[in-house]
Amino acid sequence: MNVKTRPHNNTRLKLSLWLALAGFIALLFADIDMHRASPGQELLRMAQGLMAPNFWSYREIASSAFNTLAFALQGMALASAAGFILALLYRHPAVRGFCAFIRAIHELFWALIFIQLFGLSPLTGLLAIAIPYAGTLAKIYGELFEETEAAPRNNLLQSAGLSAFFYTTLPLAWRPLLQYTSYRFECAIRSSIVLGFVGLPTLGYHLETALGNGQYNDAAALLYVLLAIVVSLRWWLKKALLPVYLVAALIYLPPNAHFSWANIARFLSEDIIPAPLRNKANIDYVAVFDWLAMLWQQQILPGVTSTLILSQIALLLTAILSLAWFPLNSRQFFSPLKRSLGDGFLIIARTLPEYLLAFIGLLLLGPSMLPAILALGIHNGAIIAHLLGRYSGELVLREDACTGINRYSYEILPRVYRQFLALLLYRWEVIMRETAILGMLGIGTLGFYIDSAFEEFRFDRALLLILCAAILNIIADMFARNLRQRLHLRPSPETL
Amino acid sequence: MRLLTVLTALLVSSSISLSALAETFSFTAIPDQDESRLQERFGKVAAYLEKELGVKVKYVPVKSYAAAVTAYRNNQVQLAWFGGLSGVQARELVAGSEAIAQGYEDQFFVTYLIANKRSGLSMSDDFPAGIANKTFTFGAKGSTSGRLMPEFYIREHFKKSPEQIFTRVGFSDDHSRTIALVQSGAYELGAVNYKVWEDELAAGIIDPSEVSVIWQTPSYPDYQWSIRGDVDARWGTGFKAKVKQSLLNISDAEILAAFPRQSFVEATNDDYQPIKDTAMAIGLMDAE
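The residue numbers shown here count from 1 along each chain, following its written sequence. For this description, chains carry letters from A and ligands carry numbers from 1, given in the order in which they are written. Totals for whole chains, interfaces and linings use all residues, but because this is a predicted model, local features are given only for residues with pLDDT of at least 70 and pairs of side-chain atoms are given and counted only at 80 or more.

Chain B is annotated in an unreviewed UniProt entry as Phosphonate transport system substrate-binding protein of Zhongshania antarctica.

Looking at an unreviewed UniProt entry, chain A carries the name Phosphonate transport system permease protein, with the source organism given as Zhongshania antarctica. Listed under Subcellular location (unreviewed entry) in UniProt, the entry text for chain A is "Cell membrane". UniProt positions are given in the numbering used here, feature names are shortened, and annotations may be inferred rather than shown by experiment.

Draft legend 1. Representation of the overall build of chain A in the model. Counting its regular elements, chain A contains 20 helices and 0 strands. Within the span of chain A, comprising 496 residues, buried residues form 49% of the whole. Contacts are defined on C-beta atoms placed from the backbone: any two residues whose C-beta positions lie within 7 Å are in contact. Within chain A, contacts between residues at least 6 apart in sequence are counted, and of these 76% link residues at least 24 apart. Each helix is a run of DSSP H or I of at least 4 residues and each strand a run of E of at least 2, with the numbering of both proceeding from the N terminus. Burial is judged by counting the other C-beta atoms within 10 Å of a residue's own C-beta: 20 or more makes it buried, 12 or fewer makes it exposed, and any count in between marks it as partly exposed, with every C-beta position built from the backbone.

Draft legend 2. Structural view of the overall build of chain B. For chain B, the count of helices and strands is 12 helices and 11 strands. The globule rule used here is 2.2 Å times the number of residues to the 0.38 power, and the radius of gyration it is set against is calculated over C-alpha atoms. Taken over C-alpha atoms, the radius of gyration comes to 21 Å for chain B, in line with the 19 Å a tight globule of 288 residues would show. Projected onto the principal axes, the alpha-carbon positions of chain B cover approximately 65 × 55 × 45 Å. Expressed as a percentage of the 288 residues in chain B, the buried residues total 47%.

Draft legend 3. Representation of the domain arrangement of chain B within the structure. Residues and elements named next belong to chain B. Just so you know, the domain bounds were taken from an automatic or database domain assignment. Examined at the domain level, chain B breaks down into domain 1 (22-106 + 221-281) and domain 2 (110-216). Look at where the C-alpha atoms of domain 1 and domain 2 centre, and you get two points 27 Å apart. With 18 residues of domain 1 at the contact, the number on the domain 2 side is 15 residues. Of all the secondary structure elements, the ones that give two or more residues to the side of domain 1 that touches domain 2 are helix 3 (65-73), helix 4 (84-93) and helix 12 (273-281).

Draft legend 4. Here's a closer look at the domain arrangement of chain A. All names here are of chain A. Annotation of chain A at the domain level lists domain 1 (10-39 + 294-496) and domain 2 (53-154 + 164-271). Between the C-alpha centres of domain 1 and domain 2 there is a distance of 22 Å. Contact with domain 1, which involves 25 residues of that partner, is made by 25 residues of domain 2. Only helix 15 (336-351), helix 16 (354-365), helix 18 (404-438), helix 19 (446-455) and helix 20 (459-486) provide two or more residues apiece to the side of domain 1 that touches domain 2.

Draft legend 5. Region of the structure containing the packing of helix 4 (residues 93-104) of chain A against helix 6 (residues 122-147) of chain A. Residue and element names in this part refer to chain A. Throughout, an axis means a line fitted to C-alpha atoms (over the contacting stretch in the case of helices), and angles, computed between N-to-C directions, take values from 0 to 180 degrees. The N-to-C vectors of helix 4 and helix 6 enclose an angle of 135°; their axes lie 7 Å apart at closest approach. Classified by the angle their axes make, helix 4 and helix 6 are oblique. As helix 4 runs across helix 6, the sense of the crossing is left-handed. Across from Cys 99, Ala 100, Ile 102 and Arg 103 in helix 4, the residues of helix 6 making contact are Ile 131, Pro 132, Ala 134, Gly 135, Thr 136, Ala 138 and Lys 139. For the contact of helix 4 with helix 6, the class distribution of residues is 7 nonpolar, 2 polar and 2 charged. The scheme is simple: roughly parallel for angles under 35 degrees, roughly antiparallel for over 145, roughly perpendicular for 65 to 115, oblique for anything else. In this scheme, a crossing is called left-handed if the near helix is turned counterclockwise away from the far one by less than a right angle; it is called right-handed if the turn is clockwise. Just so you know the grouping, Ala, Val, Leu, Ile, Met, Phe, Trp, Tyr, Cys and Pro go in nonpolar, Asp, Glu, Lys and Arg go in charged, and all remaining residues, Gly too, go in polar.

Draft legend 6. Examining the sheet that holds strand 1 (residues 25-29) of chain B more closely. Residue and element names in this part refer to chain B. Whether two strands pair comes down to DSSP finding at least two bridges between them. Pairing is mixed in the open sheet, where 6 strands are placed in the order 2-1-3-10-4-11. Both outer strands of the open sheet, strand 2 (57-59) and strand 11 (264-266), are each paired with one neighbouring strand and no more. Strand-to-strand twist of the sheet, defined as the mean angle between neighbouring strand axes without regard to direction, takes the value 25°. Pairing of strand 1 with strand 3 (residues 79-82) involves 3 bridges; the strand directions are parallel.

Draft legend 7. Spatial organisation of the packing of helix 3 of chain B against helix 4 of chain B. Residue and element names in this part refer to chain B. Packing of helix 3 against helix 4 brings their axes to within 9 Å, and their N-to-C directions diverge by 25°. By the angle class used here, helix 3 and helix 4 are roughly parallel. When the axes of helix 3 and helix 4 are compared, the crossing they make is right-handed. On helix 4, the residues that touch Tyr 65, Ala 68, Val 69, Tyr 72 and Arg 73 of helix 3 are Ser 86, Gln 89, Ala 90 and Leu 93. A breakdown of the residues in the contact of helix 3 with helix 4 according to their chemical character gives 6 nonpolar, 2 polar and 1 charged.

Draft legend 8. Region of interest: the sheet that holds strand 5 (residues 111-116) of chain B. Residue and element names in this part refer to chain B. Ordered in space as 7-6-8-5-9, the 5 strands form an open sheet in which the pairing is mixed. Edge positions in the sheet fall to strand 7 (168-171) and strand 9 (211-216), since each has one partner strand and no second. The average undirected angle you get between the axes of adjacent strands in this sheet is 30°. The pairing of strand 6 (residues 135-138) with strand 8 (residues 189-193) spans 2 bridges and is classified as parallel. Within strand 8, the position partnered with Phe 136 by the bridge is Leu 189. Helix 5 (residues 144-158) rests against strand 5, strand 6 and strand 8 of the sheet, and its axis sits at about 120° to strand 8.

Draft legend 9. Focus on the environment of A:Ala358. Residues and elements named next belong to chain A. One can find Ala 358 in helix 16. As a C-alpha pair, Ala 358 and Leu 438 span 80 residues in sequence and 7.6 Å in three-dimensional space. Excluding residues within four positions of it along the chain, Ala 358 makes contact with Pro 371, Ala 372, Ala 375, Leu 438 and Leu 441.

Draft legend 10. Layout of the environment of B:Gly229. All names here are of chain B. With respect to the helices, strands and loops of the structure, Gly 229 is situated in the loop between strand 10 (224-227) and helix 9 (231-235). A tally of 14 C-beta atoms within 10 Å means that Gly 229 is categorised as partly exposed. Each C-alpha atom of the pair Gly 229 and Gly 96 lies 4.5 Å from the other, and the pair is 133 residues apart in sequence. When sequence neighbours within four positions are dropped, the list of residues in contact with Gly 229 reads Ala 95, Gly 96, Ser 97 and Glu 98.

Draft legend 11. Structural context of the pairing of strand 1 of chain B. Residues and elements named next belong to chain B. With 4 of 5 residues buried, strand 1 lies mostly within the body of the structure. Pairing between strand 1 and strand 2: 3 bridges, direction parallel. Looking at the pairing, Ser 26 lines up with Lys 58 of strand 2. Orienting the strands away from the viewer, one traces the path from the first strand over the helix to the second; a clockwise path indicates a right-handed crossover. Crossover connection from strand 1 via helix 2 (residues 38-53) to parallel strand 2: handedness right-handed.

Right under this line is the structure:
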């Protein structure tokens, strides 16, 4: 190590210590009791289910699998087109802000809103995926365009306008752009599954029913289908076939809606107006203040607090698990055969959506923050471990480098730590976003109060709470971005 | 961008074709117990109504109480088997709606408070004050028997909110899950629809040595069929009356067992005023 890099090493060390400290302090305030009397018995039943999957209702399974893919394909098509256009305008702060806002709202929240407008219809699922994904893709595409080598463009005699962009910037950014888009498609499949939990006809719909009623044989069949779809992506998701898939998806599941202007007008002009303002000629400021104060005290403050506590602990667990697991996918530690087994585990752990993992955890461990912490840690830890393992494989070590634990501690860890922090900071925002939504499973984060507001048909409250969740995510995003810059980590992580 | 053009074209063309929906009469039901059996339970009802009414009848399954009300409000369904509270909410949201029939048992419905044997509580006639400082699960957030009525009596006795009385408060989503959660000990106590309890007890799903009833609430009106006011305009004059009569006429034991009710009797909106008052009293609905 040379002297010049030491200040950064110090800041990295400091950041690591702060994150660990925040996680441990949060742990003091967390609610992590185990309430299930006999998790072993339930676990045994789940294991038996996994051994004997029940594929008998194959028609239901097939149609929900096709629905899952159709939502993901259509959502991604719309999102990548919209994201691309927004990325071209990404220099404008207003566009940046807009993208940050639409991606700060989770696809499940978007779905809950669109159900009010379009009912439980294909259009609801399509938009719930397309809108937040467009925001994310715009950001990644925009940053890729910014980071491309400027020389080719600067050498043009007339370097202005779209043609300059299409002949210089775009070709250079094309490969990572495709790579990231195909990774996002995998995420879109996960999102599509989770939409089933609120009633859209995807695999999640039947998974929720089967798991909730303890029919683990049925649940196992659905889980295997889900894994098969994601693991086989690399063989069937081909550029040339995409238009075919998309047309097939549109024919199979046309984005219909139960469309009524009256519903939409009512939602916008009545439902979402704060209750104390509704049907009133004059604004009663006292009533509005009381309403806000009541929500702040009873829902926003406790919701935000639990969201922060849960996400900090989950971030700490993510960090620990990713450092523990990355050797599983590293050439430096295991032979190719063992490595493929290790990576197989990581792929399974990251394929299962956090929301689903948390739901299974709740069934096993009973209600507390514990299942949510484990779900977030396992899912995100596996993602970082997979990438970090691959990255560490590319390092060149001395012929006589030590082995085992010494190799891990003295050779590999110091060299991948920078990359590790970059990935962890990127995941921070993702974890925060997901933490809020886990409240819908009954943990007291913002999602719990949002779900209650929808159940009570108080859309004014729901929208205000969703706005709070969005602001929280935007702050986390800005904070993480700022830290990455200060630590001289790449502004956007390697395409995952 | 050829892809985009194709996509837009398809989007536009498909969204036009949907407006010409055939006049199918649709209904839904709140998913109050074992969701995997919903289709089986209500498929029979759809077939019966189709025969009686002479129009195509479709059952629309939903995931939550709120989704049932939303589908009704947005006119995706015109008839629904609601609980007391969800019915009041739905009729409040759709002017002109009417409660037309209720189960015979729904005139005097009750909630059972149930307890895991580890709680040390047993059956009593008086309100069981010993439930404080234990863990407690309601059913769905919008359930009458699983949330509204038990919460009302709990608040009335303790003059505090459930969060202040119990060490943990959960919402299980349906009555079958409430029973499973209390039986397994994940929660020490729960509130459950007495019909679902007795149904599952008879079916041998409940292990009486692990979980038992410790108290029952005073009776209140619960489930009912509610219908939108504009159905006569779409399916002809007298359609609403015909639906009502068909429901009251159900005598097939198999269909009745799906609810499970012994028969259906007439109901009116006014029957549910007590439910509305209770919902306002505990802050689930705003006073007008």
